[in-house]
Amino acid sequence: MSNEPTMSRARSAPLDDDIDLHRLFTLLIDAKWLILGTTLLALLLGGFYATFATPIYKADALLQVEKKQGGMAGLEDLTQAMGQERSVAAEIAILRSRMVLGNVVEQLHTDIVVRPDRNPWWGRFTAPDPVAPGVPRPLFAGYRDSETFVTVKQFIVPENLRGRTFQLTADEQGRPELRLGEEKILGGPADQVLRSDDQSIVLELGRWQPGSETLTLVRLTPLQAVSAIRGGLTVNEQGRDTGILNVGITGPDKERIQAILDAIAENYLLQNINRQAAEAEQSLEFLNKQLPELKAELTEAEEKLNAYRLESDSVDMEMETQSLLGRVVSMESKLNELKIKESEVSAKFTKEHPAYRTLLEQRRSLEQERDQLNRQIGQLPETQQQILRLMRDVEVNQQIYVGLLNRAQELRIMKASTVGNVRIIDDAVVYPSPVKPQKAMVTALAGALGLILSAGYVLGAGLLHRGIESPDQLEEQGIPVYAAVPLSEHQQKLDRIVALMRRRKRSKHEPIPLLAVSDPADLAIEALRSLRTSLHFAMMEASNKVMMISGPSPEVGKSFITANLAAVLAQVGQKVVVIDADMRKGHLHRYFKNQNDVGLSDLLSGQAEHQQVIHETEVENLHFVPRGQIPPNPSELLMHARFKALMERLSAEYDLVLVDTPPILAVTDAAIIGQQAGTSLIVARYGMNSAKEVDVSVHRFEQNRVEIKGAILNAIERRASNEYGYYAYHYNSDKS
């Protein structure tokens, strides 16, 4: 080659990074079998899951929350103002609360879990047969199959052991034995209450019929037990402001979920009744405290009135005074009612609450009216004023006392006959068919997911990697393409046969048939013949007869191109020598059935002579120099004067010297070899290497003053586009 600096290549077009919709469509067409196979596999997996997954059933019940009736006499309007009428959302929250669900847990013992100790995925396929339909079995705190029948009456553990898994097995005498890991906790006769040594763990069994499987026993924490029920519980209002609640629960056991839902409805109803009774009890307690005080005030007022009348003899009241008395009594009654209301409201709200502020405003208004009446009373004669005040006290206290007596009697009746404002319309009923999994939907969704994921993978890989799909892509970068070599189906078959023989013989030295000899009419060989003609003119201006063939990355087909191109050149009478300069992991010797014992590395290191490393091949006029033993310093050997001398000597003895090199983007060997080559070509693989990789490779050679004449696009496939991502450059030495 010329030692003058090479000029930078003209780049006629930038690298195309735009998204081509047509290319994406062709990517899907190219990968149709991958997409179809993935979709079918997803359909099969979805169908398998839908068939063998545990069926989930649903039970529902219907509840009605009626508007709350009754309340303290005179408090109805205030009750509405205070918002004491709970909304349906609040009732739903109560129904899902730990108060209700916790009672269900205690009632049904759902916090005691007994199940066989088996793998959750495939353990049921080897499990004993379940009991026949209609045979009694424990819904809670027990387990039964065709071999085992165990129930637990009581299982007490410390708080720190709640949620831990115990193993319940039978000892040699068939008696129950409880273990925690490898430690035995307790054991003894099944008909007795079993206790641990420190008395902290208590186990009482109801039925004990152990089978071949080990049982696990767990006492859940209250939160775990409530969460287990709440996870499958749904509560919705039917319509808007109807007060009708549709309560549903899901689970794998029909009878179990029906029992749980019935218990939830009953406990919710019971707590509602208790809440109503508690309100009545609270109001009655308040009235019972007020009645003795009011009775005493009434008695005192009557005594004062009688005493004044005796002292002043009989005093007749005028019509005006009697009218004022009626108004004053009515006003005082209202004020006392407001005081009672205020005492109840103050227990629930602060003075800043709207309900409290409303009461205060009402009281101030009544007090103003009372002050006006008092001013009118002050204008009466002294005797009339005094008798009016005393009679007012008696009348007011008497009205309040009688009203509270009546209300107390009403509350006693209400407490005794409390029914609450909730009723169960429909008891729990289980749907006959499982609600999950929906086989058709699961299968369809699995197929759709497989289709989307496979298509997404293909499109994503295509977007991440823009592999070379036509010689025009290289031409646009100013890189001439000397040949486009199609992928040889015959060579692929030969490679599969060789790979199979290598696996059988466990050898990495199995020969690779030379395509130019085994099938000279193959399209790939025809393309190399076309390359032979192009090189004839390209090398006329070369400084020597050495031709280097390199590539950007491994596995692009450099050795295939080198070996078969050498055979094609030798077949027309040219004397050719091929050098495997990839001293790291070159395998060119397999094409020429050479054992690779002595080669280039041995010659460059001074351990072999010139005649020892040149071998004849089955092709006339074609000789071969293998890589030799793998040296620790291949780059340094190539920089030795012996390599330059070898190139000069071979150029004088042969018509063409073909040098196969390692990839330039992996190691620097090719740049060193290129210094001695008059002609250099780069091999890119269709669909694997991108135009950017080739461009970077050529630029790497330019930095080392090596001119690349052009490129060979290898392994062109008959497809619309490629589906590979960027190649990872790992090029470690092959120690074979």
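The rules behind these values
Residues numbered from 1 in each chain as written. Predicted model: local features only at pLDDT ≥ 70, side-chain atom pairs only at ≥ 80, totals over all residues. Heavy atoms only, no water. Helix = DSSP H or I, 4+ residues; strand = E, 2+ residues; numbered from the N terminus. Buried < 20%, exposed > 50% of the residue type's maximum accessible area, 1.4 Å probe, protein only. Contact = heavy atoms within 4.5 Å. Areas by Shrake-Rupley, 256 points an atom, 1.4 Å probe, with all protein chains shown as cover. Polar contact = N/O pair within 3.5 Å; in protein donor to acceptor, adjacent residues only side chain to side chain. Axes fitted to C-alpha atoms, helices over the stretch in contact; angles between N-to-C directions. Parallel < 35°, antiparallel > 145°, perpendicular 65-115°, else oblique. Left-handed = near helix turned anticlockwise from the far one by under 90°. Nonpolar A, V, L, I, M, F, W, Y, C, P; charged D, E, K, R; others polar. Core = buried A, V, L, I, M, F, W, Y, C linked by side-chain atoms within 4.5 Å. Salt bridge = Lys/Arg side-chain N within 4 Å of Asp/Glu carboxyl O. Pairing = 2+ DSSP bridges. Patch = residues over 30% accessible without salt bridge, like charges linked within 9 Å, V, L, I, M, F, W, Y side chains within 5 Å. Phe/Tyr/Trp six-rings, centres within 6.5 Å; stacked < 30°, edge-to-face > 60°.

## A look at the overall build of the protein chain
Here's step 1: Within the protein chain, the secondary structure is distributed over 22 helices and 21 strands.
Here's step 2: By the burial criterion, 45% of the 736 residues in the protein chain qualify as buried.
Here's step 3: In the protein chain, 80% of the contacts between residues at least 6 apart in sequence involve partners at least 24 apart.
Here's step 4: When the accessible surface of the protein chain is split by element, carbon and sulfur atoms take 51% of a total near 38900 Å².

## Section: the side chain of Glu177
Here's step 1: Mapped onto the fold, Glu177 is located in strand S6 (residues 176-180).
Here's step 2: What makes Glu177 buried here is its relative accessible area of 11%.
Here's step 3: Looking at Glu177, its side chain comes within polar contact range of the side chain of Arg179, at 3.0 Å.
Here's step 4: Look past the residues within four positions of Glu177 in its chain and what remains in contact with it is Gln167, Leu168, Thr169, Asp171, Lys184, Leu186 and Gly187.

## Observations regarding the packing of helix H15 (residues 523-538) against helix H16 (residues 558-570)
Here's step 1: Between H15 and H16, whose axes approach to 9 Å, the crossing angle comes to 70°. When the axes of H15 and H16 are compared, the pair comes out roughly perpendicular. Judged by the sense of rotation from one axis to the other, the crossing of H15 with H16 is right-handed. Here H15 contributes Ala524, Ile525, Leu528, Arg529, Leu531, Arg532 and Leu535 to the contact with H16, which in turn contributes Phe560, Ile561, Asn564, Leu565, Val568 and Leu569.
Here's step 2: For the contact of H15 with H16, the class distribution of residues is 10 nonpolar, 1 polar and 2 charged.

## Some words on the nonpolar core
Here's step 1: Judged by nonpolar contacts, the single largest core of 43 residues is most densely connected at Ile579, Leu600, Met647, Leu650, Val659 and Val694.
Here's step 2: Non-local contacts of Ile579, meaning those with residues more than four positions away in its chain, are made with Leu588, Leu600, Val625, Met647, Leu650, Val657, Leu658, Val659 and Asp660.

## Quick word on the pattern of salt bridges
Here's step 1: Applying the stated rule across the entire model yields 10 salt bridges.
Here's step 2: One salt bridge connects Asp171 with Arg175, and the closest N-O pair in it is separated by 3.4 Å.
Here's step 3: A relative accessible area of 18% places Asp171 in the buried class.
Here's step 4: On the accessibility criterion, Arg175 (36% relative accessible area) is partly exposed.
Here's step 5: One salt bridge in this structure joins Lys184 and Glu177, with 3.5 Å as the shortest N-O distance.
Here's step 6: Taken together, the salt bridges that share partners define one network made up of Glu177, Arg179 and Lys184.

## Considerations on the sheet that holds strand S1 (residues 57-65)
Here's step 1: Spatially, S11-S12-S1-S13 is the arrangement adopted by the 4 strands of the open sheet, whose pairing is antiparallel. Of all strands in the sheet, those with a lone pairing partner are strand S11 (233-237) and strand S13 (422-430), marking the two edges. Neighbour to neighbour, the strand axes of the sheet diverge by 15° on average, direction disregarded.
Here's step 2: When S1 meets S13, the two strands line up antiparallel, connected through 6 bridges. Bridge assignment links Leu63 to a residue of S13, and that residue is Ile424.

## What to know about a nonpolar patch on the surface
Here's step 1: Among the surface-exposed residues, Trp33, Leu36, Leu40 and Leu43 lie close enough to one another that they form a single nonpolar patch of about 410 Å² accessible area.
Here's step 2: Position of Leu36 among the secondary structure elements: in helix H2 (residues 32-52).

## Let's talk about the packing of aromatic side chains
Here's step 1: Taken as a whole, this structure holds 3 aromatic pairs when the rule is applied.
Here's step 2: With centroids separated by 5.6 Å and ring planes inclined at 90°, the aromatic side chains of Phe155 and Phe166 adopt a geometry described as edge-to-face. Of this pair, Phe155 sits in strand S4 (residues 149-156) while Phe166 is found in strand S5 (residues 165-170), placing the two residues 11 residues apart along the sequence.
Here's step 3: For Phe155, a relative accessible area of 1% puts it in the buried group.

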